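Here are the chains, one letter per residue:
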Amino acid sequence: MFEPGGQRQRPEVQVEEVLRGIGSGFNNVINRLGGGGVRLIILGVLALLVIAWLASGLYQVGPRSRAALQFFGDFQSTEGPGLHWYFPQPIGNRTIVDVDVTRNMELGFLTTTTGTATDQAVEALMITGDLNIVNVQMVVQYQIANLESYLFRVDDPGEVLRGIEQGNPEGRTLKDATEAALRQVVGQRSIDDILVVNRPAVESETREELQKILDLYETGIQVNTVALQTTRPPDQVRAAFDDVVNARVDRESRINEARAFEQDRIPRAEGDAAQVVQAAEAFKTERIARATGEVNRFRSVLEEYLSAPDVTRQRLYLEAMETIMPDLTKFVLTEDSNGNLLQFLPLSQDGTP
């Protein structure tokens, strides 16, 4: 199998040696039989057998599949989709696997052929970081990323319960790695994170840990998604946990109601405050304008008073009387009137004093 110096012989050289040995054996058989006609018949039959054997090396690879090629049991390469030929058995061997299909692995439960799910408590019960027990059920979706590693790097014992045969790493290897990764993540978190708060984070961390383990084992499996199906407390304490969850839901509901009330009252209060501010601004503007007008009026009266003090003082007095007694008929009695009464303007409508 190996040339001197530890180098592997080429497959073509090995095939030539095998065919040469087969041909020598056929020649020995024919020489013993003798006879020209019998020899031709035997040669024809042998030729047909060789042609049929070589034709059995033709194989078809589907569009989503890959073929792993072995030469005397030693892995050589992979072939993609299409029609190919490779050495038939027992010289060569080919294994065609659908690598693009997404496969599922269930942890913590098992779906039977009838579609019913049965719990697997041994897999599902785990201890959280705050020393609580939780029942976790999960589904792992994966694909084959490296066909050589998937077929030849791991010898898995298989799993009869899930119908996985011995050989490929998607039996006990994948299940045990998934359980180990999930238990590590659950053991670092509180039960609230797993039940309600941070389920997406648990899924993400479990996927990362699982991929690390599978890469370490060289399984050739690529994990696509990790989805938690059911996370619940054990049946013996489920009622108490349900009460806690309901109380948490009620608390969140009350908080949301308070926030809604806050969002309703604050804009209304802000509107009322803006209205008061606007009224105060209007009052301020009015009082400033009124004060400015009174100042201007006072200044004009002051100028008149400075120019004619007596007349201005008399006019101010009369205007004050007019304001104090608006509904009375007023008369002015002066020294120049010789005792006669003079009606103060404005005169009454009929002109009589």
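Residues numbered from 1 in each chain as written. Predicted model: local features only at pLDDT ≥ 70, side-chain atom pairs only at ≥ 80, totals over all residues. Heavy atoms only, no water.

Caption draft 1: Broad picture of the packing of aromatic side chains. In this structure the tally under the stated criterion is five aromatic pairs. When the centroid spacing of 5.5 Å and the interplanar angle of 50 degrees are considered together, the rings of Phe75 and Phe152 count as tilted. With Phe75 in strand S5 (residues 74-79) and Phe152 in helix H4 (residues 147-152), this pair connects stretches of sequence that are 77 residues apart. Taking the relative accessible area as the measure of exposure, Phe152 reaches 35% and is therefore partly exposed. Taking the centre distance of 5.4 Å and the plane angle of 75 degrees together, the rings of Trp85 and Phe87 count as edge-to-face. Judged by its relative accessible area of 39%, Trp85 falls in the partly exposed class. Taking relative accessible area as the criterion, Phe87 reaches 15% and is therefore assigned buried. In textbook terms, an aromatic cluster arises when at least three aromatic residues are bridged by ring pairs, as seen for Phe71, Phe72, Trp85, Tyr86 and Phe87. (Phe/Tyr/Trp six-rings, centres within 6.5 Å; stacked < 30°, edge-to-face > 60°. Helix = DSSP H or I, 4+ residues; strand = E, 2+ residues; numbered from the N terminus. Buried < 20%, exposed > 50% of the residue type's maximum accessible area, 1.4 Å probe, protein only.)

Caption draft 2: How the structure looks around the sheet that holds strand S7 (residues 92-98). Read across the open sheet, the three strands follow the order S5-S4-S7; overall the sheet is antiparallel. Looking at the sheet topology across the chains shown, the edges are occupied by S5 and S7. Within this sheet the neighbouring strands show an average axis-to-axis angle of 25 degrees, counted without direction. Here strand S4 (residues 65-71) pairs with S7 via seven bridges, running antiparallel. Residue Gln70 lies in a different strand from S7, and its bridge partner there is Asn93. (Pairing = 2+ DSSP bridges. Axes fitted to C-alpha atoms, helices over the stretch in contact; angles between N-to-C directions.)

Caption draft 3: Main features of the confidence of the model for the protein chain. With 82% of its residues at a pLDDT of at least 70, the protein chain reaches an overall mean of 81. In this model, residues 1-8 is a region of pLDDT below 50 whose contacts with residues beyond four sequence positions or in other chains number 10 contacts. (pLDDT = per-residue confidence, 0-100. Contact = heavy atoms within 4.5 Å.)

Caption draft 4: Spotlight on the side chain of Glu159. Inspection of the secondary structure puts Glu159 in the loop between H4 and helix H5 (172-186). Only 2.8 Å separates the side chain of Glu159 from the side chain of Arg162, close enough to count as a polar contact. If sequence neighbours within four positions are ignored, Glu159 has contacts with Glu123, Ile164, Gly171, Arg172 and Lys175. (Polar contact = N/O pair within 3.5 Å; in protein donor to acceptor, adjacent residues only side chain to side chain.)

Caption draft 5: Seen up close, the nonpolar core. Core analysis: the largest hydrophobic core is formed by 34 residues, its most contacted members being Val140 and Leu147. Taken together, the elements giving at least two residues each to this core come down to strand S8 (103-107), strand S12 (133-144), H4, H5, helix H6 (191-197), helix H7 (199-217) and strand S13 (221-232). Residue contacts for Leu147: discarding those within four places in its chain leaves Arg66, Ala67, Ala68, Thr78, Val97 and Val99. Counting residues in each nonpolar core, the second largest holds eight residues, with Tyr59, Val61, Leu69 and Ile91 among its members. (Core = buried A, V, L, I, M, F, W, Y, C linked by side-chain atoms within 4.5 Å.)

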